[in-house]
Amino acid sequence: MSDRIFGAVGLLLAALFAYSAMIIEESFLSDAVGPKAFPLIIAAILAVCSLTILLKPDAAPKWPTLPRFVELVASIVVMVLYAEFLPIVGFVIATALASAYLTWRLGTSAIQSVVVGISIAVGIYIIFHLLFGLSLAKGPLGF
Amino acid sequence: MDTLSSLADGFVIAMTFQNLILALLGCFLGTIMGALPGLGPSNGVAILIPLAFSLGLGATPSLILLTSVYYGAMYGGRISSILLNIPGDAPALMTCIDGYPMAQNGRGGEALALSGFASFIGSFLATWGLVLLAPQLVKIALAFGPAEYFALFALAFATLGGVSSTNQAKSAFAAMIGLGLAMVGVDTQTGVPRFTFGIVHFYDGIDFLVAIVGLFAISEVFIFIENRHGSADAEGKKVELGRLTPSWKTFWGSFPTIIRTSLVGFLAGVLPGAGASLGSFISYSMEKRLLDKEGTFGKGDPRGVAAPEAGNNAAAGGALVPMLALGVPGSGTTAVLLAVLLALNITPGPLLFANNPDVVWGLIAALFIGNFILLLLNIPFVGIFIRVLLVPPRILMPIVAMVSFVGIYGIAGSTFDLVVMVGFGALGWLFRKMDVPLVPIILGVLLGNNMESNLRRAITISDGDWSVLFSSPLSMTLWAISIIGFVLPIFVGRFIPKKAKKLPETVEEEVSN
């Protein structure tokens with residue numbers, strides 16, 4: 001079943017891709033092939049593959065249970081939030097929080113997680129910023 | 001002779017203090033990444049690429065660092081295979097079969113040392129193979145026109161899926177996704193924006209480094225979160241190492257095996273799409289068929305440890321041949337290395353040997369040096385790496401994620417790219433669950449623009465006649481090979497599935513390393 005849905009989404013994607021290729025504005029100074037042809041070939045092969053997946057599906061993979069799935073989505077959200085807040089609160093604070101969260105969710109105890117999170121953030125800061133001189137996001141506190 | 005003098009020049013370049021330090025660092029990091037389950041050569045190199053750039057290293061030094069990591073990971077994979085029965089990376093899978101029983105019999109140290117020697121000989125011979133074969137391949141490649149290149153790229157996609165995936169439709173699907181992603185951005189020939197949906201960030205295309213790090217490194221973190229096997233696999237297992245040198249008898253008994261499997265592995269590596277996993281797989285099966293008369297294979301036969309290790313290291317060297325000479329990578333990790341070259345504005349292929357001989361030969365010389373460093377690191381100092389193995393994934397995985405963020409932030413400097421990277425991580429997780437291989441996606445993103453411009457150049461030269469793609473004997477041959485390479489596995493049955501079923505979840509997806 002998973003593969004059938006996947007194939008259907010793939011078909012949709014191919015159609016969307018082909019449509020977006022059709023509306024590419026061609027400039028009057030174009031070569032013989034133009035900017036549309038190759039994307040259209042891609043869309044066609046994509047459609048054939050998706051159709052094959054749809055018609056000849058593999059056995060369904062083992063999907064995570066709902067709590068595991070929520071866990072996964074939560075970690076994605078944390079990473080996106082991390083990216084958004086990085087320039088605002090600075091590298092060390094953001095990284096300490098994000099890595100503490102991740103290691104906690106992977107099974108470290110709560111107090112240990114805080115220690116691990118801070119050590120990862122400070123460790124990366126020392127090695128990559130102080131030692132290698134890489135520029136990391138600066139927060140209001142200067143680190 | 002020409003080749004040898006170029007190689008000598010390469011040694012002059014590689015022998016600078018900075019380059020030697022980078023080779024040492026790369027070998028060290030690579031061995032660690034190989035040894036840690038969950039980090040293999042392709043995601044190890046992927047994490048380090050952005051760092052190499054952010055540090056402002058030049059072309060040759062970056063390549064030396066990253067290929068040392070690549071060679072190092074091939075060595076490191078065996079450590080956890082032998083000691084913990086968990087392959088550190090996909091190519092080291094076959095080493096578990098005889099390595100772990102040896103460790104259980106108290107011969108772990110011997111197995112580590114022997115496999116270290118086997119890795120060394122495999123890499124050493126393969127690097128010579130690279131020296132001798134690559135310039136010959138370059139001569140052939142000089143006859144390639146745009147139509148032939150287009151066919152060559154098609155061949156790379158067809159065979160990459162054919163050997164490493166279990167479902168041809170899915171690997172072709174992955175390749176098309178990659179090519180489609182490469183199309184995003186302003187068309188270089190006519191200047192019109194394509195598939196940007198009005199988002200300014202997309203005008204200069206999707207940065208392939210962002211895609212690679214997201215697909216390989218971040219998705220790995222998601223896999224761990226999903227399964228929560230963050231609690232250490234390694235904790236609580238302590239094995240007696242025994243002596244750290246193989247006896248002469250064991251060594252000479254395995255020597256013919258090492259030589260044979262080095263050659264087989266090298267050939268498997270040179271073939272597009274096969275890579276190190278297949279190299280070790282074929283090596284082991286061949287030796288088992290040849291030598292296993294008393295049924296000792298699988299119960300701790302030293303030759304069963306030497307065979308896959310010589311095979312996968314030789315394949316790692318072999319996979320560099322098509323990558324450097326043709327610009328078409330032979331495996332997953334060399335695809336990632338190709339990204340390094342492209343990001344450095346170096347076009348691999350025949351022109352690389354003519355225009356940047358310092359890069360090529362400096363790199364090859366560094367491989368020789370790195371191989372000696374690795375031998376040293378992996379036999380007398382193997383204890384360091386055994387201790388690193390005790391870092392549990394629940395701590396390791398956040399480090400992987402954060403280092404990926406640091407690297408991408410360092411080159412892109414924008415939140416937008418970080419979010420795109422997380423998006424690729426989620427996509428990578430989904431594709432792994434669906435058994436869609438990730439390597440063709442990367443290859444598509446990397447080669448897409450080049451493939452298209454070759455197509456357009458070919459057709460422009462022929463004045464709009466599409467049949468030019470199939471007109472020369474060379475391109476006909478390439479098309480024929482790609483069709484056979486794509487179709488044959490469907491009928492003949494696949495090389496890998498039987499073994500893929502036995503793979504633990506974390507290494508299952510990177511079979512084409």
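Residues numbered from 1 in each chain as written. Chains lettered and ligands numbered in written order. Predicted model: local features only at pLDDT ≥ 70, side-chain atom pairs only at ≥ 80, totals over all residues. Heavy atoms only, no water.

S.K.: Just to check I follow, could you spell out the overall build of chain A for this structure?
M.R.: Looking only at helices and strands, chain A has 5 helices and 0 strands in total. For chain A, the α and β elements follow one another from N to C terminus as α-α-α-α-α. Radius of gyration (C-alpha) of chain A: 23 Å, far over the 15 Å computed for a compact globule of 143 residues. For the C-alpha atoms alone, the extent of chain A along its principal axes is close to 55 × 45 × 20 Å. Across the 143 residues in chain A, those meeting the buried criterion constitute 43%. (Helix = DSSP H or I, 4+ residues; strand = E, 2+ residues; numbered from the N terminus. Rg over C-alpha atoms; globule rule 2.2 N^0.38 Å. Buried < 20%, exposed > 50% of the residue type's maximum accessible area, 1.4 Å probe, protein only.)

S.K.: It is not clear to me how empty space enclosed by the protein should be interpreted in this structure. Could you clarify?
M.R.: In this approach a probe as big as a water molecule rolls over the atoms, and the regions it shows empty are the leftover space. In total, this model carries 2 cavities of 30 Å³ or more according to the counting rule given. Residue lining of the second largest cavity: Tyr82(A), Leu86(A), Phe91(A), Leu136(A), Ala137(A), Phe405(B), Val406(B) and Tyr409(B), and that is the complete set. Where the lining of the second largest cavity is concerned, the elements lending two or more residues are α3 (66–89) of chain A together with α16 (393–412) of chain B. For the lining of the second largest cavity, the leading source of residues is α16(B), giving 3 residues. Its residues assigned to classes, the lining of the second largest cavity shows 8 nonpolar, no polar and no charged. (1 Å grid on protein atoms, 1.4 Å probe; cavity = no way out; pocket = protein on both sides within 12 Å on 5 of 7 lines; lining within 4 Å. Points joined across faces, edges and corners; volume = space filled by probe spheres on them. Nonpolar A, V, L, I, M, F, W, Y, C, P; charged D, E, K, R; others polar.)

S.K.: I'm lost on the environment of Gly180(B) in this one. Help?
M.R.: If you trace the backbone, Gly180(B) turns up in helix α7 (residues 168–183). Remark: the alpha-carbon pair of Gly180(B) and Leu63(B), spanning 117 residues in sequence, is separated by 28 Å. Discounting residues that sit within four places of it in the chain, Gly180(B) has contacts with Phe17(A) and Ile42(A). (Contact = heavy atoms within 4.5 Å.)

S.K.: Before we go on, may I ask you to explain the layout of surface pockets in this structure?
M.R.: All names here are of chain B. What the largest pocket holds in volume is close to 1,300 Å³. Within the residue set of the lining of the largest pocket, elements represented by two or more residues are α6 (146–164), α7, β1 (185–186), α12 (332–343), α13 (350–355), α17 (415–433) and α18 (439–461). Residue contributions to the lining of the largest pocket peak at 10 residues, all from α18. Of the residues assigned to the lining of the largest pocket, the class counts are 26 nonpolar, 15 polar and 8 charged.

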